[in-house]
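Here is how the chains run, residue by residue.
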Amino acid sequence: MTTPARRRPPPPQLAWLAAATAGAGAVLAQTAPALTAVPVVRRAIFPRLTGLGRPDHVALTFDDGPDPASTPQFLAELDRLGWKATFFMLGSMARRSGGLAAEVAAAGHEVAVHGDVHLSQVWRTPSAVIDDARRARDTLAELTGTTPAWMRPPYGTLSGAGPEAARRAGLELVLWTAWGRDWRAEATPSSVTADIGTDMVPGGTVLLHDSDCTSAPGAWRSALGSLARLADVWAGRGWTVGPLRDHGLRPGRF
Ligand SMILES: [Zn+2]
């Protein structure tokens, strides 16, 4: 299974720089390089974009699916844990995956837009960025019967057209608070759990991947294996787990 790019995400501060430059105004664009390098500061400036919601709740999200080779295993584990999650899907993956997108939605999970193809917006023309968001939204709405509410672009990078593409498609942009670096060949359930713990804060949004279509082959097993461990960690903090729709994000602002 291939996608046009197998590059990994840029360092978080670069993603934030791209987001700030694109959508947060000239003043922030000038000051963002320094400010967004400090997690606590970027969370304060961009609470919605960083996925900060109810402090007793974890928003659990998966990117890059749906994938017949791996997504069903995630659905089974989420069912075992009693969790619902948000799946940021690729339109191209959904079209080639039979009824899997509909199966995810029918299981009570939330389907959101990652993109139509897995290309960073910064390498694409504004019209391509806008068309990509619309095509992915339309594909996922048709396949699941529900219009998506959220968008997280590939690599978390936003071009100047990114916010406009989301607005025209009726989608709210959400990135993440903590990620598991689960795309790496050397990732393990233990490393994923530890990496999420490094950046996680109350009310955070967690990024994992339910497909290896842009990752090391089989890397999704590290994310899958981390879920039971994360359940113990989060239960110990008194946090519940669910999709973004239940996270209490305030729409319409970064
Ligand atoms: Zn991705």
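Now for a look at the structure at hand. Source: prediction; values computed, not measured. Position numbers for residues start from 1 in each chain and track the written sequence from start to end. Under the rules for a predicted model, residues below a pLDDT of 70 receive no local features and side-chain atom pairs below 80 are neither given nor counted, while totals for whole chains, interfaces and linings still include all residues. Neither water nor hydrogens contribute to the side-chain values; these are computed over all heavy atoms in the structure.

1. Considerations on the overall build of the protein chain
Phase 1: Strands here mean DSSP runs of E at least two residues long; helices mean DSSP runs of H or I at least four residues long; both are numbered from the N terminus. Of regular secondary structure, the protein chain possesses 10 helices and 8 strands.
Phase 2: Each residue's exposure class comes from its accessible area (1.4 Å probe, protein chains only) as a fraction of the maximum for that residue type: buried when under 20%, exposed when over 50%, partly exposed otherwise. Counting all 254 residues of the protein chain, 56% fall into the buried class.
Phase 3: Sequence separation of 24 or more characterises 78% of the internal contacts of the protein chain that already satisfy a separation of 6 or more.
Phase 4: A total of about 10,000 Å² of accessible surface is found on the protein chain, and carbon and sulfur atoms cover 56% of it. Contact between two residues is taken to exist if any of their heavy atoms lie within 4.5 Å; hydrogens are not considered. Note on areas: these come from Shrake-Rupley sampling with a 1.4 Å probe, and a residue is covered only by the protein chains present in the view.

2. Some words on empty space enclosed by the protein
Phase 1: Buriedness of a pocket was judged along seven lines, with at least five required to meet protein on both sides within 12 Å; pockets are open sets of points on a 1 Å grid over the protein atoms alone, cavities are sets where a 1.4 Å probe fits but cannot get out, and lining residues have an atom within 4 Å of a point. Grid points are joined across faces, edges and corners, and a volume is the space filled by probe spheres set on the points. Per the stated rule, a full pass over the model turns up 2 cavities of 30 Å³ or more.
Phase 2: Reported here for the second largest cavity is a volume of approximately 50 Å³.
Phase 3: Lining the second largest cavity, in full, are G115, V117, L119, Q121, R124, V129, D132, M151 and P154.

3. As for the coordination of the zinc ion
Phase 1: Donor atoms: N, O and S within 2.8 Å of the metal, or within 3.2 Å for Na, K and Ca. Because water is excluded, sites can look incomplete. Coordination of the zinc ion by the protein is provided by D64 (OD), H114 (NE2) and H118 (NE2), with metal-donor distances spanning 2.0 to 2.2 Å.
Phase 2: As a motif over one chain, the donors of the zinc ion read D-x49-H-x3-H. Here D64, found in the loop between β1 (57-63) and α4 (71-81), pairs with H114, found in strand β3 (residues 110-115); they are 50 residues apart in sequence, far enough to count as distant.
Phase 3: The buried category is assigned to D64, whose relative accessible area is 0%.

4. Section: the environment of I130
Phase 1: Relative to the assigned elements, I130 resides in helix α7 (residues 126-144).
Phase 2: I130 sits 35 residues away from A165 along the chain, and the two C-alpha atoms are 4.3 Å apart.

5. Focus on the nonpolar core
Phase 1: For our purposes a nonpolar core is just a set of buried Ala, Val, Leu, Ile, Met, Phe, Trp, Tyr and Cys residues, chained together by side-chain atoms within 4.5 Å. Formed by 51 residues in total, the largest nonpolar core has its most connected members in L60, F62, I196, L208, L227 and W234.
Phase 2: With 7 residues, the top contributor of residues to this core is helix α10 (residues 220-236).
Phase 3: Among the nonpolar cores identified, the runner-up in size contains 7 residues, and A112, V174, L244 and L249 belong to it.

6. Quick look at the side chain of D63
Phase 1: Structurally, D63 is set in strand β1.
Phase 2: We classify D63 as buried; its relative accessible area is 3%.
Phase 3: In this structure D63 touches F88, H114, R152, L207, L208, H209, D210 and S211, once residues within four positions along its chain are discounted.

7. Observations concerning the pattern of salt bridges
One side chain can pair with another of opposite charge once the charged atoms of both are near each other.
Phase 1: A side-chain nitrogen of Lys or Arg and a carboxyl oxygen of Asp or Glu constitute a salt bridge if their distance falls within 4 Å. As enumerated under the stated definition, the model contains 13 salt bridges in all.
Phase 2: Between R54 and D56 there is a salt bridge; the shortest N-O distance is 3.1 Å.
Phase 3: Using a relative accessible area of 32% as the deciding quantity, one classes R54 as partly exposed.
Phase 4: Of the residues examined, D56 reaches a relative accessible area of 37% and is grouped as partly exposed.
Phase 5: R168 serves as the salt-bridge partner of E164, at 2.9 Å between the closest nitrogen and oxygen. In this pair, E164 and R168 are both assigned in helix α8 (residues 162-168), 4 residues apart and thus about one turn of the helix distant.
Phase 6: With relative accessibility at 27%, the residue E164 sits in the partly exposed group.
Phase 7: Within this structure, R181, R184, E186 and D195 form a network of salt bridges that share partners.

8. Comments concerning α10
Phase 1: Here a helix's expected span is defined as the number of its residues, less one, multiplied by 1.5 Å. Relative to the 24 Å expected for 17 residues at 1.5 Å per residue, α10 spans 25 Å between its end C-alpha atoms, a close match to the ideal helical length.
Phase 2: Two axes are fitted around each residue, one to the seven residues ending there and one to the seven starting there, and the angle between them is reported as the bend at that residue. Along α10, the largest kink reaches about 35° and is centred on L227.
Phase 3: For α10, the set of buried residues is W220, S222, A223, L224, S226, L227, L230, A231 and W234.
Phase 4: On its buried face, α10 is in contact with β1, α4, α9 (189-199), β7 (205-209) and β8 (240-242).
Phase 5: Phi turns positive one or two residues past the end of α10, at G238, with a value near 80°.

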